[in-house]
Amino acid sequence: LDVEKIESGKLQVDIVNVAVRPFLEQALEANQPYGEKFQVGFMLESAPDISAMADPDRLMQVMANLLSNAAKFSPKGSQVVIRAAREADMVKFEVSDKGSGIPEEFRAHIFGKFAQADSSDTRRHEGTGLGLNITKQLIELMKGRIGFD
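Computed from a predicted structure; not experimentally measured.

## Here's the deal with the confidence of the model for the protein chain
Summary statistics for the protein chain give a mean pLDDT of 85 and a share of 83% for residues scoring 70 or more. Within the protein chain, the element-level pLDDT minimum falls on helix α1 (residues 2-8), averaging 62, and the maximum on strand β1 (residues 16-19), averaging 97. Low pLDDT, under 50, characterises residues 119-124; the predicted model gives this stretch two contacts beyond four residues in sequence or across chains.

Below is the structure:
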């Protein structure tokens, strides 16, 4: 439904001032059970006392997707590290994990609809392949950018 609303221009975003540290603490707490499911911890490494202009509900949806992906693709017992910092007129959020990374041949498709690096019937990870596509569109609706290393 989100994809349809975004593509039709009917998804509303309510841009407000979001305090970054409390927001990230809430995101980590809300997603902790998912991390536990995969035996992966979440750690807030840095989040200065800054704010960002964003829709807090949609930004939470973005963080939930990024944190769940990081947990799914990280080795058991590892930590997913979250950082935030001011960069020029924006706030940069980083989610870092110790997973195997994105295969070179898949990188151009990472934000595509139904994109999954392993789409075989025997793949290990659940999901529709829509999460990063929706995430990218939500970030762009909030006038942001998304990328990966």
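## Some words on the nonpolar core
Counting 30 residues, the largest nonpolar core has Val-20, Leu-24, Leu-67 and Ile-82 as its most contacted members. Counting only elements with at least two residues in this core, the list comes to α2 (20-37), β3 (51-54), α3 (56-72), β4 (79-87) and α4 (131-141). It is α3 that contributes the most residues to this core, seven residues altogether. In this view, Ile-82 contacts Leu-24, Leu-28, Phe-42, Met-43, Leu-44, Glu-45, Ser-46, Met-63, Leu-67, Glu-94 and Val-95; residues no more than four positions away in its chain are not counted.

## A few points about the packing of aromatic side chains
Tallied over the full model, the rule gives one aromatic pair. Seen in terms of ring centroids, Tyr-34 and Phe-38 are 5.2 Å apart; in terms of plane orientation they differ by 45°. Their pairing is tilted. For Phe-38, a relative accessible area of 19% puts it in the buried group.

## Focus: the pairing of strand β5 (residues 90-96)
As judged from the seven bridges shared by β4 and β5, these two strands associate in the antiparallel manner. Its bridge partner lying in β5, Glu-87 is registered against Met-90. The antiparallel hairpin formed by β4 and β5 contains two residues in its connecting segment, where Ala-88 sits at a positive phi of about 55°.

## Focus: the environment of Phe-38
Within the secondary structure layout, Phe-38 lies in the loop between α2 and β2 (41-46). Taking the C-alpha atoms as reference points, Phe-38 and Ala-70, 32 residues apart in sequence, are found 9.9 Å from one another. Setting aside chain neighbours within four positions, we find Phe-38 in contact with Ala-71, Lys-72 and Lys-76.

## Examining the pairing of β3
Here β3 shows a buried face lined by Ala-52 and Ala-54 and an unburied face lined by Ser-51 and Met-53. Of the pairings in the sheet, the one linking β1 to β3 comprises four bridges and is antiparallel in character. Its bridge partner being in β3, Val-16 is matched across the sheet by Ala-54.

## Topic: unusual backbone geometry
Phi angles above zero are rare outside glycine, and Gln-39 is one such case at about 55°. Tracing the sequence through the fold places Gln-39 in the loop between α2 and β2. Relative accessible area serves as the criterion here: at 48%, Gln-39 is assigned to the partly exposed category. Of note in the backbone geometry, Ala-88 takes a positive phi value of approximately 55° without being a glycine. Along the chain, Ala-88 falls in the loop between β4 and β5.

## Some details on the pattern of salt bridges
As enumerated under the stated definition, the model contains six salt bridges in all. For Glu-87, the salt bridge goes to Lys-92, with nearest N and O atoms at 3.7 Å. Judged by its relative accessible area of 43%, Glu-87 is partly exposed. With a closest N to O distance of 2.4 Å, Lys-136 and Glu-140 form a salt bridge.

So, how was this worked out
- Residues numbered from 1 in each chain as written.
- Predicted model: local features only at pLDDT ≥ 70, side-chain atom pairs only at ≥ 80, totals over all residues.
- Heavy atoms only, no water.
- pLDDT = per-residue confidence, 0-100.
- Helix = DSSP H or I, 4+ residues; strand = E, 2+ residues; numbered from the N terminus.
- Contact = heavy atoms within 4.5 Å.
- Core = buried A, V, L, I, M, F, W, Y, C linked by side-chain atoms within 4.5 Å.
- Buried < 20%, exposed > 50% of the residue type's maximum accessible area, 1.4 Å probe, protein only.
- Phe/Tyr/Trp six-rings, centres within 6.5 Å; stacked < 30°, edge-to-face > 60°.
- Pairing = 2+ DSSP bridges.
- Salt bridge = Lys/Arg side-chain N within 4 Å of Asp/Glu carboxyl O.

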